[in-house]
Amino acid sequence: MSTHTITLTVNGREHTEEVEARLTLADLLRERLDLTATHLGCEHGVCGACTVLLDGKPARSCLTLAVQAEGAKIRTLEGLADPEGELHPVQQGFWEKHGMQCGFCTPGIVMSVVELLERDPDPSDDEIAATLGGHLCRCTGYVKIREAVREAVRLRSGSHSPQEIRR
Amino acid sequence: MTSHRDGDAIGRSVLRKEDEPLLRGSACFVDDLHLPGAAHAAVVRSPHAHARIARIDPAAARKAPGVFDVVVASDISERVRIPMRMHSKPELEPYLQPPLARGVVRYSGEPVAVVVAESRYAAEDAAQLMSIEYEPLEPVLDGPGALSGDAPVLFEETGSNMAAQIEIVDGDIGEAFSRAELVVEEVIECQRHASVPLEPRGLAAEVDERTGRLVLWGAAKIVHLNRRILSRLLGWPLERVRLIELHVGGGFGARGEFYPEDYLVPFCAIRLGRPVKWTADRDEDLRSTNHSREQHHRIALALGADGEFLALRDTVTFNTGAYVRTHGTVVASMTAGLLPGPYRWGAYECRIRQVLTNKTPAGTYRSPGRYEANLARERMIDIGARRLGLDPVEVRRRNLVPLDAMPHRSGTHIDGKPVEYDSGDYPRLLDEALDLFDHDEVAAWRAADPGPRRRRGMGAAYFVEKSGIANWDYARVELNSEGRAVVHVGSASIGQGVETVLAQICADGLGMGYDEVDEVRHGDTDEVPDGMGSFGSRATAIAGSAVLRAAEALRQRIIAAAAELLEASEGDLEIADGDVVARGSPSRSVSLAELYQAAQPVRALAASTDPWLKEEAYFHVGSMTFPYGVHLAAVEIDIETGAVEIERYAVAYDVGRAVNPLLIRGQIVGGAAQGMGGALLEEMAYGADGQHVSSSFMDYLIPTASEVPPLRVRVTEDAPTPLNPLGAKGAGEGGTAAAGAVLANAVSDALGSEATSLPLTPERVLTLARASRDARPSRPSRSRS
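Residues numbered from 1 in each chain as written. Chains lettered and ligands numbered in written order. Predicted model: local features only at pLDDT ≥ 70, side-chain atom pairs only at ≥ 80, totals over all residues. Heavy atoms only, no water.

A. Region of the structure containing the overall build of chain A. When helices and strands are counted, chain A shows six helices and five strands. Along chain A, helices (α) and strands (β) appear in the sequence β-β-α-β-β-β-α-α-α-α-α when read from the amino end. Taken over the C-alpha trace, chain A has a radius of gyration of 16 Å; the compact-globule value for 167 residues is 15 Å, and the two agree within 12%. In terms of overall dimensions, chain A has C-alpha extents of about 50 × 35 × 25 Å along its principal axes. Here the contacts in chain A between residues at least 6 apart in sequence split such that 57% fall between residues at least 24 apart. Of the roughly 6,600 Å² that chain A leaves accessible, carbon and sulfur atoms contribute 49%. Across chain A, 18 positive and 25 negative side-chain charges occur, with their mean positions spaced 4 Å apart. (Helix = DSSP H or I, 4+ residues; strand = E, 2+ residues; numbered from the N terminus. Rg over C-alpha atoms; globule rule 2.2 N^0.38 Å. Contact = heavy atoms within 4.5 Å. Areas by Shrake-Rupley, 256 points an atom, 1.4 Å probe, with all protein chains shown as cover. Lys, Arg positive; Asp, Glu negative; His and termini not counted. Charge placed at Lys NZ, Arg CZ, Asp CG, Glu CD.)

B. Expanded view of the side chain of A:His135. All names here are of chain A. Relative to the assigned elements, histidine 135 resides in the loop between helix H4 (125–132) and helix H5 (143–158). By relative accessible area, histidine 135 is classed as buried at 2%. A distance of 3.2 Å separates a polar side-chain atom of histidine 135 from the backbone oxygen of glycine 48. Apart from the residues lying within four places of it in its own chain, the contact partners of histidine 135 are Cys47, Gly48, Thr51, Arg60, Gly108, Ile109, Ser112 and Tyr142. (Buried < 20%, exposed > 50% of the residue type's maximum accessible area, 1.4 Å probe, protein only. Polar contact = N/O pair within 3.5 Å; in protein donor to acceptor, adjacent residues only side chain to side chain.)

C. Structural context of the sheet that holds strand S8 (residues 182–190) of chain B. Residues and elements named next belong to chain B. Strands sit in the order S7-S17-S16-S15-S8 across an open sheet of five strands; the sheet is mixed. Strands with a single pairing partner mark the edges of an open sheet, and in this sheet they are strand S7 (162–170) and S8. Taken pair by pair, the neighbouring strands of this sheet meet at an average axis angle of 10 degrees, ignoring direction. Here strand S15 (residues 295–303) pairs with strand S16 (residues 309–321) via nine bridges, running antiparallel. The residue of S16 that forms the bridge with isoleucine 299 is aspartate 314. In the packing of helix H9 (residues 370–388) onto the sheet, contacts are made with S8, S15 and S16, and the angle to S8 comes to roughly 145 degrees. (Pairing = 2+ DSSP bridges. Axes fitted to C-alpha atoms, helices over the stretch in contact; angles between N-to-C directions.)

D. Broad picture of the side chain of A:His98. Tracing the chain through its elements places A:His98 in the loop between helix H2 (89–96) and helix H3 (106–119). If sequence neighbours within four positions are ignored, A:His98 has contacts with A:Lys144, B:Arg16, B:Leu662, B:Leu663 and B:Gly666.

E. Region of interest: the pairing of strand S1 (residues 39–45) of chain B. Residue and element names in this part refer to chain B. Most of S1 sits out of view: seven of its seven residues are buried. Burial along S1 is two-sided: the residues Ala39, Ala41, Val43 and Arg45 and His40, Ala42 and Val44 are all buried. In the sheet, S1 pairs with strand S13 (residues 276–279) via two bridges, with the strands oriented parallel. Residue pairing across strands places alanine 39 opposite valine 276, the latter belonging to S13.

F. Quick look at the sheet that holds S13(B). Residues and elements named next belong to chain B. Taken in spatial order, the seven strands make up an open sheet running S3-S5-S1-S13-S10-S11-S12, and their pairing is mixed. Taken across any chain shown, the strands that pair with only one partner, and hence form the sheet edges, are strand S3 (67–72) and strand S12 (241–244). Each adjacent strand pair in this sheet contributes to an overall mean axis angle of 20 degrees, direction not counted. Bridge count between S3 and strand S5 (residues 111–117): five bridges; the pairing is antiparallel. By the bridge assignment for S5, valine 72 is matched with alanine 113. Helix H6 (residues 260–272) contacts S1, S3, S5, strand S10 (202–207), strand S11 (214–217) and S13 of the sheet and is inclined by roughly 30 degrees relative to S10.

G. Representation of the pairing of strand S2 (residues 51–57) of chain B in the model. The pairing of S2(B) with strand S4 (residues 104–105) of chain B spans two bridges and is antiparallel. Counted as the bridge partner of B:Arg52 is B:Val104 from S4(B).

H. Region of the structure containing the interface of chain B and chain A. Taken together, the contact pairs 54 residues of chain B with 48 residues of chain A. In total, about 4,300 Å² of surface goes out of reach between chain B and chain A, with carbon and sulfur atoms giving 58% of it. The three residues of chain B that bury the most area against chain A are B:Leu23, B:Arg24 and B:Tyr121, which together make up 19% of that side's buried surface. The interface formed by chain B and chain A includes five salt bridges. Across the chain B-chain A interface, the total number found is 26 residue pairs in polar contact (both at pLDDT 80 or more). Considering each element in turn, the side of chain B that touches chain A owes the most residues, eight residues, to helix H17 (residues 661–680) of chain B. (Buried area = accessible area lost by both parts, 1.4 Å probe. Salt bridge = Lys/Arg side-chain N within 4 Å of Asp/Glu carboxyl O.)

On their own, these measurements won't tell you what the molecule is for.
Encoded structure:
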């Protein structure tokens, strides 16, 4: 199987990796870079648990080949807050509004919501619904997730967290 | 987090202890565990629903790049069968599943071999090279059909597809039916659907080189029980087997049971002498993890003129799939035991046949056996009420078990134990639910004209749940060196928030603050000596009671130790902000961290006291407790597309005592969403050849944010159970229990045509709408007789 050398930036850090053409971006992140917050719920692009931001846009990392991410800037859940630092407003919103139960789908949803709020700091209910519509959650019934997104909007508008200023 | 007084944690909606690692991405689910040198397993599964295995040739797979090993059935002792852990019956023994199919495959997806290789990619490549010759046999898929004389038989040894039968008869059923004003009889069917936790199953196993002990990561739900099973199947002493639960991506009944892979992965690790990891993909998860719910009810109600419930008779066929799995007869006995619901019946008869077919084996799914029973009973009540010209809600009210009849024996039994509803004010909760729903407002909405293509309807469903099956658990509470509390408990975390709830209970038992409970540790058989785990809404009621007992005992120890140090009387001391202080003289105090130091053996033994500040407790209770609830739904249907829109949905649920109302509401809403999926979307569908045709998320539709409406939820505490010191009844399943029933009732009301099977897909809704038009061409559907 042919291999390719790719360079990509993940959460601000540049990585150069030798990969098989068929290696998925999710497996690169999880197995090579040990960034295991990005979860695999279906491996066929439906559940959205594996969502990362690829050059600022949500991408299903299970359907994206690592070679397609050549030169790209990737953001994952691990990059939202420093390990001991203050949580990102979206993370904080999910905590305060009980927007998660088992937490397996949460990383993908959080990344999609982060992208939504960066694009539109005060999204309509329809926009929120459209964003959440790309994700499956089996625990919450989504009601508290919608509240969590609203809380994130509120927290974001209140003050900018250090993570946001840094970015 | 808001500050609060010590000792008032129970009843508050504190934020969860679990969330931070999940939000930061530092949580470790089993596939996140990277063991150095681990090999990866791929399970080779049968592509046939029913076939004889003529030949297996692993030679090509063995030679494939990166392959370490291939395991086939002949490598495993013929005696290994996955046992029943509950409700086991000797007549079910012949139907237990071997880890790898022996001679015959009985469902599409059954494990036939395991390939172990250097990576998941290499293992799956090599799995394709397995040469297996099958001789296809005719499959049998339909539950009732499997009992007909000419149906293919799954197990030649017994010659019958009937795995088990349960029969409950109470009262004179013939007499009751003979004096009925109205008898209604229907076939009501609940379709096969399943728990489908979002994290696929996975496991990692390793024999520790230094100690020779086996460690299995990825266990869930019932870690200690599975350790016993694994130890027995491997023939290893219990002490040489350690199971560790990591983060778990949802349970809902299916995850955590002992599956073939729970034997195969450790077996491969032992055989290969290196760590082995396996992660299911979604296709194999949907084809191999327990299905549930497939029941066929031939059910009849005998009603008096005023709607009095004279008798209920039901013959149920439960399609258990190709093997009997770990639950034995749990689902069937739950159906038979709880089918009467919250009502008084003059007479009752239920016969359940648990039937084998060539489908994925079935097990429990949130509100197992009750979702189906509630559908059948509550549908029939609506059908009967309509035929009598009575309001279905009023008919329910007239027949509820009254408050003064509590505790109430329903006349049924579960696993040999009589069912006794321990407490409940059923009429009161019905009023609460109607109030929450704004019933009059909905009735007016329903009566208004929605336009020519639309129909409106509403429905109610009342049910009794159960909690605390498997009747004991273990807890240990201790102080750590910082003077903070640490709990060890036999429960498991499957995402439900058990750490938070048990920390709240611990805090109150100790008289300390919630934030001073440092950790709730669970799910590691080395850290917790024994326990029953988390299933059947049991953790709060059973393990919570053990935590409370242990915490209260530790509080006594702490106060006594402080009394000695401070030379004060115990009655004058209290715990506040990490110190034990004398009331009225705050200068006389000792910190909990100092007490920890004083309890070190060197000092404690010198002072002739017991070392360490820790207490253990077991809680054991003879019977289950019975929470109860009401679902109400209003739907609007587009009769051109068959789409069902849920306009309003309300759940009122009495849990006896709500330890964390926020989390209970989360359980109810999440549970209801699953129940709505079962009502409208989800089906484990099979082709006539026995192929599973919904084994992807493109085909198996779980609800998305677009399908789940806002819900009205009311959690009441009218009827604390007398059976445990908390009064708590458990809250995990009431959100799901009646969702199928209530939506079927609302859709039937809207269309004026009786829905008798789920899911209510657009196709089925359109069929019902047509049936209604054909039946009453002059008056479309709105009449309620």
